[in-house]
Amino acid sequence: MNISSYPDNELLKIASGFKKHLKDKFPAMRNTSSALDQGFIYKFKALFYEVQAHPYEPETDSVAYKYKLDLDEMAEQVRNFFLIFRFYLQKAFPYNADLCETFGYVEMERVIHDYTELRIFLANTVDLIHDKRSFLRASNCPESTLEEIQNLSNQINELHDEYLKYTQKRELKNSAYQNNLKELFKLMEIVDEAASKSLQNDPESLKLLTFPPKVFIH
């Protein structure tokens, strides 16, 4: 039997039924499987409660969505300040086409929706500001524009780091959930097999401790 045959909520509903009735029929089933040892019921219940208590968290949860909204808003602020910055950069270095292209419109649009690429782009911009500040000032580039770009770079770095930590934590939790669910399913298979062998003369109990046909799962 394949775990993928059952949606998670259906599998947990079946597991809940197994947990509820396993103790009563355990003595009758125990001799049919060496896996049904003294700690089996405890292990089954512990896994069931662990899976139930820490459900799968989708990638589109509200916390991640808020992080993305905030990062997108900051990226839009970067875009606005770069309209000003590019003007003065071209004014300061009118004959340096490569430099102006590196920090030009096309490059900005390429990185604006990729937070990692945007961070690299901003880090390079901050380095440029530090290195060429006197030239930019000579072209009358507002100091406030340069400071805002540096501030936004720091803010995006900090917020993106928080977002990455959050998503990494969520991925670890989801990985643990999937592993626990697989382990629970293995125990359910043991129960199903033992019940099928030992409860043939008890059809009501057999139905409660074996996997139902998929069409009858509700």
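Not measured: the values here are computed from a predicted model.

Please clarify how the overall build of the protein chain should be interpreted in this entry.
Tallying secondary structure elements over the protein chain gives eight helices and zero strands in all. On C-alpha atoms alone, the protein chain measures out to a radius of gyration of 30 Å, which is more than a quarter above the 17 Å that the 2.2 N^0.38 rule sets for 218 residues. Along the first, second and third principal axes, the C-alpha atoms of the protein chain reach 95 × 30 × 25 Å. Taking all 218 residues of the protein chain together, 39% fall into the buried category. Of the contacts made within the protein chain by residues no fewer than 6 positions apart, 74% connect residues no fewer than 24 positions apart. Just so you have it, the protein chain exposes about 13100 Å², and 52% of that area is on carbon and sulfur atoms.

Would you mind showing me how to read the environment of E76 here?
Structurally, the position occupied by E76 is in helix α3 (residues 62-92). Residue E76 is classed as partly exposed on the basis of its relative accessible area of 36%. Along the sequence, E76 and H113 sit 37 residues apart, while their C-alpha atoms lie 9.6 Å from each other.

What should I look at first to understand the nonpolar core in this one?
Ranked by internal contacts, the top residues of the largest apolar core, which has 31 residues, are F82, F85, L89 and L136. Counting only elements with at least two residues in this core, the list comes to α3, α5 (105-111), α6 (115-138) and α7 (143-198). In terms of residue count, the dominant contributor to this core is α3 (11 residues). Setting aside chain neighbours within four positions, we find L89 in contact with L99, C100, F103, L128 and L136. Y6, I41, L47 and F48 belong to the second largest nonpolar core, which has 29 residues in total.

Honestly, α6 in this entry has me stumped. Any pointers?
The largest bend along α6 measures about 75° and falls at K132. The inward-facing, buried residues of α6 contact α3, α4 (97-102), α5 and α7. By the N-cap criterion, in which a side-chain oxygen at the helix start approaches the backbone nitrogen of a residue two or three places on, α6 is capped by D114, the distance to T116 being 3.2 Å. The positive-phi residue at the C-terminal boundary of α6 is N140, with phi of around 70°.

How should the pattern of salt bridges be read in this particular structure?
A side chain with one charge can pair with a side chain of the opposite charge if their charged atoms come near. This structure, assessed with the given rule, holds 14 salt bridges. The salt bridge involving R170 is made with D61; its shortest N-O contact spans 2.7 Å. On the criterion of sequence distance, the pair formed by R170 in helix α7 and D61 in the loop between α2 (40-53) and α3 is long-range, its members being 109 residues apart. Each member of the pair, R170 as well as D61, carries the same accessibility label: buried. Its salt-bridge partner being R79, residue E76 comes within 3.1 Å of it at the nearest N-O pair. Of this pair, E76 and R79 both sit in helix α3, three residues apart, roughly one helical turn.

Looking at this structure, I do not really get the side chain of D192. What am I missing?
Relative to the helices and strands, D192 resides in helix α7. One buried charge, D192, has no salt-bridge partner; the nearest side chain with opposite charge is K197, at 10 Å. Setting aside residues up to four positions removed in sequence, D192 forms contacts with F18, L209, T210 and F211.

Which parts of the structure should I look at to understand the side chain of K19?
Tracing the sequence through the fold places K19 in helix α1 (residues 8-30). Here K19 is buried and forms no salt bridge, its nearest opposite-charge partner D24 lying at an N-O distance of 12 Å. Every residue in contact with K19, bar those within four places of it in the chain, is listed here: F44, K45, F48 and Y49.

Can you walk me through the packing of α1 against α2 in this structure?
Each pair of packed helices gets described by two things: the angle between the helix axes and the distance between those axes. Packing of α1 against α2 leaves a shortest axis separation of 10 Å and a crossing angle of 160°. Classified by the angle their axes make, α1 and α2 are roughly antiparallel. In this structure, the crossing between α1 and α2 has a hand that is left-handed. On α2, the residues that touch L12, A15, S16, F18, K19, L22, K23 and F26 of α1 are F40, I41, F44, K45, F48, Y49 and V51. Among the residues making up the contact of α1 with α2, the classes are represented as 11 nonpolar, one polar and three charged.

The rules we used
The numbers attached to residues start from 1 for each chain and follow its sequence in the written order. Local features in this predicted model are restricted to residues whose pLDDT is 70 or higher, and side-chain atom pairs enter the listing and the counts only when it is 80 or higher, whereas totals over whole chains, interfaces and linings include all residues. Based on all heavy atoms of the structure, the side-chain values leave hydrogens and waters out of the count. Segments assigned H or I by DSSP are reported as helices when at least four residues long, segments assigned E as strands when at least two residues long, and all are numbered from the N terminus. The globule rule is 2.2 Å times the number of residues to the power 0.38, and the radius of gyration it is compared with is taken over C-alpha atoms. The buried label goes to any residue with under 20% of its type's maximum accessible area, the exposed label to any with over 50%, and the partly exposed label to all in between, with areas taken from a 1.4 Å probe on protein chains only. In this description, contact between two residues means that some pair of their heavy atoms is separated by no more than 4.5 Å. Accessibility throughout is a Shrake-Rupley quantity obtained with a 1.4 Å probe, and a residue counts as covered only by protein chains that appear here. Buried residues of nine kinds, namely Ala, Val, Leu, Ile, Met, Phe, Trp, Tyr and Cys, make up a nonpolar core once their side-chain atoms join them within 4.5 Å. Take the seven residues that end at a residue and the seven that start at it, fit an axis to each, and the angle between those axes is the bend at that residue. Throughout this description, a polar contact denotes any pair of N or O atoms lying within 3.5 Å of each other; where both atoms belong to protein, one of them has to be capable of donating a hydrogen while the other can accept it, and for residues adjacent in sequence the pair is counted only when both atoms sit in side chains. What counts as a salt bridge is simple: a side-chain nitrogen of Lys or Arg found within 4 Å of a carboxyl oxygen of Asp or Glu. Positive charge is attributed to Lys and Arg, negative charge to Asp and Glu, and no charge count is given to His or to the chain ends. Note on definitions: angles span 0 to 180 degrees between N-to-C directions of axes, and those axes are lines fitted to C-alpha atoms, for helices only across the stretch in contact. Comment on the angle field: the value is read as roughly parallel under 35 degrees, roughly antiparallel over 145, roughly perpendicular from 65 to 115, and oblique elsewhere. What makes a crossing left-handed is the near helix being turned counterclockwise from the far one by less than a right angle; a clockwise turn instead makes it right-handed. Polarity classes work like this: nonpolar for Ala, Val, Leu, Ile, Met, Phe, Trp, Tyr, Cys and Pro, charged for Asp, Glu, Lys and Arg, and polar for all others, with Gly in that last group.

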